[in-house]
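Examination of the molecular architecture
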Amino acid sequence: TRKILMHVGPETIDYDVLLGGIKGDVGFTSKEFVDAMSFSLKFLRKLMGVSESYQPFIIPGGGTSAMESVTSLLRKGDKVLVVSNGVFGNRWIDIFSRYPVNVKALKAKAGYYVKPEEIEEEVKKDHYTMVTMTHVETSTGVREPIAEVAKRIRDYVDLIVVDGVASVGGEEVRAEDWKVDVFLTASQKAIGTPPGAGLLVLSENATKRLGEDNIAGYYLNLKNWLGVMQSMEKGKASNFSTLPVHLVLMIKRAFELIETEGIENRIRRHEIVSSAIRKGIEALGLEIVAKTPEAYSNTVTGVMLKKVNPNDVLSMSLTEGIEFAPGVHPDLAGKYFRIGHMGWVNINDVISAIAVIERVLSKLGEPINFGEGVKAVQEYLINGI
Ligand code: PMP
């Protein structure tokens, strides 16, 4: 059977995007590749909501390489505050523990986000060079109110860094208005391309800090990538380490499709899709992992189960044609699974997803309101939007 991939990235990818990368003769100094880089770097600014004062980067790797590359903005002994709402927030702590910096973390319980007031209070107590946050915490589907936090802490910290891996392309992102210094993402999420690249923008202030004394290593030191990005944007080939050429061709194609759809329309589509998913889940009588409506994200929904084993739900759903994602937050182990709804997802995918969940849970013996899920989604699509 044809499968719908509603994991948390990669997800089902538009064929136009995949075909965009099938070119057998594109070298890393070719005009075709340099043009694709130039277009993609420029479009990345639009996606992040920033002007030309921000420097865009596309580097190999993914979310984690983009995250680790921000060590290029730090110096020995700097203090970093990590705001963690789950597994990917905690990843910042693991990264910084490999570098000579002092790390303090504020952590939320599973399903919640660290409150803006709490972050404000902490940055007033101590001077932090950098604060890191996760826009959408993929392990729980919880969204942090970045605009509000940034407003409260801007005057007290040097650099605000946001992991937008599960948000950019699916949530509103206005990095410059929000005065965020670094906004980063990965190719396999809401941008809708295969894994393999980290994408980020740096404010002017952040770019200035890429000095000789930064503590990053070699490969992920943005200082080594800066000239390459600036040259490529101007249409001139340049190389530090070979970029994923064919993936960049796909990113260019995806960005063209996003431009055609319109960024605002794309975000609106993600809002509608995620609302429809939640309507269906709630009508079945199931609980969502994100505990309050303002914590709901456009891109990932965690679904709590009362009785059945999530692994059985995942394997049976797969045989029914949809692949969902396991729950990975250790505090909720064995109690939930996740639905990824980002990239090229549409409302018919939602209907299929809720229908499969309804059928599978019913067969497995989970107590649900059978028949109510798809109905609630249909009603929302007709009357609710
Ligand atoms: N941050 C978030 C919010 C993520 O969802 C992920 C990937 N699931 C990462 C970081 C790490 O990205 P990658 O797996 O591409 O290194």
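Remember, it's a predicted structure, so these values are computed and weren't measured experimentally.

**Points about the pairing of strand 3 (residues 79-84)**
With five of its six residues buried, strand 3 lies for the most part within the structure. Direction of pairing for strand 3 relative to strand 4 (residues 102-107): parallel, over a ladder of six bridges. By the bridge assignment, Lys 79 is partnered in strand 4 with Asn 102. Assessed by its sense of winding, the connection that carries the chain from strand 3 through helix 4 (residues 87-96) to strand 4 is right-handed. In terms of strand pairing, strand 3 meets strand 5 (residues 130-134) through three bridges, oriented parallel. Of the residues in strand 5, the one forming a bridge with Leu 81 is Val 131.

**Topic: the site of the ligand**
Close to the ligand lie 13 residues; Gly 63, Thr 64, Thr 138, Asp 163 and Lys 189 are nearest. In this structure, Lys 189 approaches the ligand through a side-chain N or O atom, which is 2.8 Å from a nitrogen atom. Alone, the ligand offers 390 Å² of accessible surface; in the complex the protein occludes 84% of this. The cavity where the ligand resides is the second largest pocket.

**Overview of helix 2 (residues 31-48)**
The end-to-end C-alpha distance of helix 2, which contains 18 residues, comes to 26 Å, matching closely the 26 Å that a straight helix rising 1.5 Å per residue would cover. Listing the buried residues of helix 2 in full gives Phe 33, Val 34, Ala 36, Met 37, Ser 38, Ser 40, Leu 41, Phe 43, Leu 44, Arg 45, Leu 47 and Met 48. In this fold, the buried residues of helix 2 make contact with strand 2 (55-61), strand 9 (182-186), strand 10 (196-202), helix 8 (222-233), helix 9 (245-261) and helix 10 (263-283). The positive-phi residue at the C-terminal boundary of helix 2 is Gly 49, with phi of around 70 degrees.

**Thoughts on the environment of Glu 137**
Its location among the elements puts Glu 137 in strand 6 (residues 136-137). Overall, Glu 137 belongs to the buried group, its relative accessible area being 0%. Separated by 224 residues in the primary sequence, Glu 137 and Leu 361 have C-alpha atoms spaced 26 Å apart. Filtering out sequence-adjacent residues up to four positions away, Glu 137 remains in contact with Asn 85, Gly 86, Val 87, Phe 88, Gly 89 and Val 142.

**A look at the domain arrangement of the protein chain**
Taken domain by domain, the protein chain comprises domain 1 (4-9 + 262-384) and domain 2 (16-261). For domain 1 and domain 2, the distance between their C-alpha centroids amounts to 28 Å. Listed as interface residues are 31 residues of domain 1 and, on the opposing side, 33 residues of domain 2. Buried area between domain 1 and domain 2, both sides added, is near 2,500 Å², and the carbon and sulfur share of it is 58%. A per-residue breakdown of the area domain 1 buries against domain 2 is headed by Ile 263, Arg 266 and Trp 344, which together make up 22% of the total. Viewed at the interface, domain 2 and domain 1 are joined by two salt bridges. Between Arg 266 and Glu 261 there is a salt bridge, with the nearest N and O atoms lying 3.4 Å from each other. Here domain 1 is connected to domain 2 by 20 residue pairs in polar contact (both at pLDDT 80 or more). The set of elements that each furnish at least two residues to the side of domain 1 that touches domain 2 consists of helix 10, strand 11 (300-304) and strand 14 (336-340).

What counts, and where the lines are drawn
Residues numbered from 1 in each chain as written. Predicted model: local features only at pLDDT ≥ 70, side-chain atom pairs only at ≥ 80, totals over all residues. Heavy atoms only, no water. Buried < 20%, exposed > 50% of the residue type's maximum accessible area, 1.4 Å probe, protein only. Helix = DSSP H or I, 4+ residues; strand = E, 2+ residues; numbered from the N terminus. Pairing = 2+ DSSP bridges. Right-handed = clockwise from strand over helix to strand, strands pointing away. Near = heavy atom within 4 Å. Polar contact = N/O pair within 3.5 Å; in protein donor to acceptor, adjacent residues only side chain to side chain. Areas by Shrake-Rupley, 256 points an atom, 1.4 Å probe, with all protein chains shown as cover. 1 Å grid on protein atoms, 1.4 Å probe; cavity = no way out; pocket = protein on both sides within 12 Å on 5 of 7 lines; lining within 4 Å. Sits in = over half its atoms within 2 Å of the grid points. Expected span 1.5 Å × (residues − 1). Contact = heavy atoms within 4.5 Å. Domains from an automatic or database assignment. Buried area = accessible area lost by both parts, 1.4 Å probe. Salt bridge = Lys/Arg side-chain N within 4 Å of Asp/Glu carboxyl O.

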